Amino acid sequence: MTDLHIFGQRLGYRATQWERPQEQYGWGNNRAIVMMKSWDLVHWTHSNVRMDKVFPEMGDISAFWAPEVMYDEKAGKMMVYFTVRYGPQNDCHLYYAYADESFTKLESKPVRIAETTGIDGDITQVGDEFHLYYVGGAKVRHAVSSRINQGYEFEDRRIDPESVNTEAPNVFKRFGTNTYVLMYDVYGLRPSNMGFSETTDFVTFKNIGRFNEGPMKTTNFASPKHGAVTYLTADELKAAATHWNVNITPN
């Protein structure tokens, strides 16, 4: 998770809006990510990873955020990838590093995935290809590679169908189909919402609308931000629902 405490001053944790001067490090300057792991979605390990302390040579970077994790089969390790920003403006790139076996720290120095600027990376493996969705210029973009963290070829087009700013793409597969859903944060709306597009070939995309404007419905939340979807087995879902006292009817 992103260790970005936006309201620290308002809540009395510090005297300034940000930890470091905004004119030098920009809004939301933060130097840590949060790594958590669970075998049952109830009990979790929790580690705050101060990137500047683990990697002192990166200590003057203004922000680390939007981490995601993916298993690298060739390396045999969990790969954490995230956005890194330099300075106060929008000099942002995607980086990756490998986690230790217990998933409590990063054991390799972060390496840039590509020279292309961008934020909010999301990687999905389909066959022998890796599809990277990210944000450039407040629009969802796409790149593809035969390697998980290098060699991406970047498209120049906007993928999402919106006319306002978007961020935070996340791809998930519909069970039992070859259809993938691309979800993105339409933060340019007021109130914000999530948008959805479907694809089977990662070339053409069908716009299926936003929450509560098409087939995707909300239940107990409103104005969602920077979301993600993952998968559960039926037993995992039942155990988590029981722990949190949530009534569910699995299909």
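Residues numbered from 1 in each chain as written. Predicted model: local features only at pLDDT ≥ 70, side-chain atom pairs only at ≥ 80, totals over all residues. Heavy atoms only, no water.

Chemist: Mind showing me how you'd approach the overall build of the chain here?
Modeler: Each helix and strand in the chain was counted, giving 3 helices and 14 strands. Taking 2.2 N^0.38 as the reference for a compact globule, 251 residues should give roughly 18 Å; the C-alpha atoms of the chain span a radius of gyration of 19 Å, in line with that estimate. In terms of overall dimensions, the chain has C-alpha extents of about 50 × 45 × 45 Å along its principal axes. Taking all 251 residues of the chain together, 44% fall into the buried category. A fraction of 40% describes how many contacts in the chain between residues 6 or more apart in sequence connect residues 24 or more apart. Taken as two groups, the 26 positive and 31 negative side-chain charges of the chain have centres that lie 4 Å from each other. (Helix = DSSP H or I, 4+ residues; strand = E, 2+ residues; numbered from the N terminus. Rg over C-alpha atoms; globule rule 2.2 N^0.38 Å. Buried < 20%, exposed > 50% of the residue type's maximum accessible area, 1.4 Å probe, protein only. Contact = heavy atoms within 4.5 Å. Lys, Arg positive; Asp, Glu negative; His and termini not counted. Charge placed at Lys NZ, Arg CZ, Asp CG, Glu CD.)

Chemist: Please clarify how the sheet that holds strand S8 (residues 129-136) should be interpreted in this entry.
Modeler: Strand pairing in a sheet is mediated by backbone hydrogen bonds. Such pairs are either parallel or antiparallel. Ordered by their spatial adjacency, 4 strands build an open sheet running S7-S8-S9-S10, and the pairing between neighbours is antiparallel. Here the strands that pair on one side only, and so sit at the sheet edges, are strand S7 (119-126) and strand S10 (153-154). With 2 bridges joining them, strand S9 (residues 139-145) and S10 adopt antiparallel strand pairing. The residue of S10 that forms the bridge with Ala-143 is Phe-154. (Pairing = 2+ DSSP bridges.)

Chemist: What am I meant to see in the nonpolar core here?
Modeler: The nonpolar side chains of a soluble globular protein tend to be buried with one another. Ranked by internal contacts, the top residues of the largest apolar core, which has 16 residues, are Ile-33, Met-35, Met-51, Phe-64, Val-80, Phe-82 and Leu-106. When contributions to this core are tallied by element, the ones reaching two or more residues are strand S1 (32-37), strand S4 (77-86) and strand S5 (91-98). If one sorts the elements of this core by residue count, S4 sits on top with 3 residues. With residues near it in sequence (within four places) discarded, Phe-64 still touches Thr-2, Asn-30, Arg-31, Ala-32, Ile-33, Met-51, Met-58, Phe-82, Thr-83 and Val-84. (Core = buried A, V, L, I, M, F, W, Y, C linked by side-chain atoms within 4.5 Å.)

Chemist: I keep staring at a nonpolar patch on the surface and nothing clicks. Help me out?
Modeler: Residues Leu-232, Leu-237, Trp-244, Val-246 and Ile-248 make up a contiguous nonpolar surface patch of roughly 440 Å² in combined accessible area. Here Trp-244 shows up in the segment after helix H3 (234-243). (Patch = residues over 30% accessible without salt bridge, like charges linked within 9 Å, V, L, I, M, F, W, Y side chains within 5 Å. Areas by Shrake-Rupley, 256 points an atom, 1.4 Å probe, with all protein chains shown as cover. Salt bridge = Lys/Arg side-chain N within 4 Å of Asp/Glu carboxyl O.)

Chemist: Sorry, what's going on with the sheet that holds strand S3 (residues 63-72) here?
Modeler: Taking strand neighbours across the sheet as the criterion, the 4 strands line up as S3-S4-S5-S6 in an open arrangement whose pairing is antiparallel. Sheet topology places S3 and strand S6 (111-112) at the edges, where each strand pairs with a single neighbour. Direction of pairing for S3 relative to S4: antiparallel, over a ladder of 8 bridges. Directly across from Asp-72, in S4, lies its bridge partner Lys-77.

Chemist: Would you explain the side chain of Asp-72 in this entry?
Modeler: By the element assignment, Asp-72 lies in strand S3. Here Asp-72 is buried and forms no salt bridge, its nearest opposite-charge partner Lys-74 lying at an N-O distance of 7.4 Å. Among the polar contacts listed, one links the side chain of Asp-72 to the side chain of Tyr-98, at a separation of 2.6 Å. Contacts of Asp-72, omitting those with residues within four sequence positions, involve Lys-77, Met-79, Tyr-98, Ile-148 and Asn-149. (Polar contact = N/O pair within 3.5 Å; in protein donor to acceptor, adjacent residues only side chain to side chain.)

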